[in-house]
Amino acid sequence: MQTHMDKSIRLVPMDHTVEEKETWPEYVELIVPQRHVKRVKTALEEHKLLNRKKGIGRSRPFVKIVKESFNTLPPDLLDSLDLSVRALIEHFSSSYTIYQPMLLLPRNNFTPCQTSTLSSPGFQPFWARIAARMGVTHIAINAPIPLQGATSDAVPTGVDGTPSENTLRSPINLTPIYGFFGPPPSPQTLESPTAADFDAALWVTHTQNGIHQTWAPLYTMFSRGNIREKTRVLRLPSVIASVAEPAGCTSVDLYAGIGYFVFPYRKAGVSKVLCWEMNPWSIRGLQKGAKMNGWRSQVIDRGQAPSEAPSESADLIVFARSNEFALEDLAETKRAMDLPPVRHVNCGFLPSSNLSWKTAVYMIDGQLGGWIHAHENVGVSDIEERKVQVVTEITGHVKARGLRGEVRCEHVEKVKTYAPGVIHVVFDIWISATSSLAAS
Ligand SMILES: C[S@@+](CC[C@H](N)C(=O)[O-])C[C@H]1O[C@@H](n2cnc3c(N)ncnc32)[C@H](O)[C@@H]1O
């Protein structure tokens, strides 16, 4: 994924050491994120590499491409739609995201009315040109599918050409604008997609920390703001310590999705990750992503008869049903193999993961203890209060299980701002080893 913000800066170093017979341009352009400009500038100055004449400039190649593409449109097409290039460009931001092979534009680039117009067939050559210049095959706008006037092939429509009812029920805030994104969301494709549905869908890929993740953007959302937490899981001392213990470590993700946290646990060395997930599109993404990363996954779908027993050779075991059944599934897994102790349980559901805490407490290894990572949306000034509530609630479940270990919040991680005044935090709750006979 590449994200390009408005204020990328062009630094222009010169005076390279020119090797014999090698021709160098007068200067090269170095495009760096805004936050690194000062440091890079200082470093270049120290080494006398900054071209003072060219200096620092803004990089807006994308806007240039869009402008050029608008200018290739037949003027009478724009006139007939009462649009001008100037009006279209006016609010155009140069930030964009590429999840290969898709270019994703921010929602504020066009008004809903302009989005409808621009997704009509007459504009397809315009988008084709932008796609070719940007090295992608699909383009979407990060905004709800417009209710009226969308007639592009890329936008799912009913038989009469108007957006179909199911399309409008799509859970995804994404308007496909160029390229075929797959079968339009319908009750059938959402709940029981066929192999053909999966094959026909566009799957995009994003690599973070060397971990590949893949998803079908028409069916699954992706939040890149969780990178902070993914990176933390990868390096978390408590994970590294559990992995190094003689018995090893199993991690659990009760809301596995496409593997945001499942994959970092596996990459950190956890030998088995048990996953629960209900969305068939996320499960397929999890399977595909695991394969891309070289891990073996097994999906156990109780809806399919006969369902398989958990396999010792799988790195990731995915239970395709609600985590309400997680204790039952864990017991069966323990019967089927010599499972390393469960030391970490990720509860990644917002605005609150509290419905999964009881299950999480009963999953943690009773002899060694372990950590529950409880995700919550909390008011910025309510974090301390919520921390006490989380510990109190989890302590109640620990006591009800008959464990006598200590429960303590080891760390509060502020992941990202969720909304003004609301922050996504993760409470790392440590449940210590216990001497209770009830422990298992
Ligand atoms: C916020 S997303 C988690 C994102 C996830 N970490 C990822 O990698 O995509 C929550 C996920 O939990 C799943 N989910 C919600 N309720 C569930 C339940 N009771 N049991 C299992 N999965 C559930 C949803 O389908 C969704 O994929």
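Scroll up to find the structure.
Residues numbered from 1 in each chain as written. Predicted model: local features only at pLDDT ≥ 70, side-chain atom pairs only at ≥ 80, totals over all residues. Heavy atoms only, no water.

Asks: How do you make sense of the side chain of S242 when you look at a structure like this?
Replies: Looking at the element boundaries, S242 is found in helix α11 (residues 237-244). On the basis of relative accessible area, S242 is assigned to the buried category, the value being 1%. Among the polar contacts made by the side chain of S242, one reaches the side chain of H344 at a distance of 3.2 Å. (Helix = DSSP H or I, 4+ residues; strand = E, 2+ residues; numbered from the N terminus. Buried < 20%, exposed > 50% of the residue type's maximum accessible area, 1.4 Å probe, protein only. Polar contact = N/O pair within 3.5 Å; in protein donor to acceptor, adjacent residues only side chain to side chain.)

Asks: Could you clarify how one ought to interpret the pattern of salt bridges in this entry?
Replies: Opposite charge on two side chains permits pairing when their charged atoms draw close. Overall, the coordinates contain 17 salt bridges when judged by the stated rule. In this structure, R266 engages D315 in a salt bridge whose closest nitrogen and oxygen atoms are separated by 3.4 Å. Of this pair, R266 sits in helix α12 (residues 262-267) while D315 sits in the loop between β13 (297-300) and β14 (316-319); the two residues are 49 residues apart in sequence, bridging distant segments of the chain. Side by side, R266 and D315 carry an identical accessibility label, which is buried. A salt bridge links E384 to K387; the shortest N-O distance between them is 3.6 Å. Remark: K387 and E384 occur in helix α16 (residues 383-401); sequence separation between them is three residues, near one turn of the helix. On the accessibility criterion, K387 (23% relative accessible area) is partly exposed. (Salt bridge = Lys/Arg side-chain N within 4 Å of Asp/Glu carboxyl O.)

Asks: How do you make sense of the packing of aromatic side chains when you look at a structure like this?
Replies: The description of two aromatic rings rests on the distance between their centres and on the angle between their planes. Taken as a whole and judged by the stated rule, the model has 17 aromatic pairs. An angle of 10 degrees between the planes, with centres 4.1 Å apart, marks the rings of W215 and F222 as stacked. Ring geometry for Y260 and F261: centres 6.0 Å apart, planes at 80 degrees, overall edge-to-face. Taken individually, Y260 and F261 each receive the classification buried, so the pair is uniform in this respect. In this structure an aromatic cluster arises from ring pairing among Y99, W215, F222, Y260 and F261. The residue whose ring lies beneath K230 is Y260, and the NZ or CZ to ring-centre distance is 4.3 Å. The ring of W203 is capped by K288, whose NZ or CZ atom sits 4.8 Å from the centre of that ring. (Phe/Tyr/Trp six-rings, centres within 6.5 Å; stacked < 30°, edge-to-face > 60°. Lys NZ or Arg CZ within 6 Å of the ring centre and 35° of its normal.)

Asks: Help me understand the nonpolar core, please; the structure alone is not making it clear to me.
Replies: Soluble globular proteins: nonpolar side chains tend toward being buried together. In this structure, M102, V262 and F263 are the most contacted members of the largest nonpolar core, which totals 40 residues. Counting residues per element, this core draws most heavily on helix α13 (residues 280-292), at four residues. Of the domains in this structure, domain 2 (61-200) and domain 3 (224-431) are the two that each give at least three residues to this core. For M102, the contacting residues outside a window of four places in its chain are T97, V136, H138, A140, F181, L202, V204 and P217. If you look at the next biggest cluster of nonpolar residues, it comprises 36 residues, including A314, I383, L403 and I429. (Core = buried A, V, L, I, M, F, W, Y, C linked by side-chain atoms within 4.5 Å. Domains from an automatic or database assignment. Contact = heavy atoms within 4.5 Å.)

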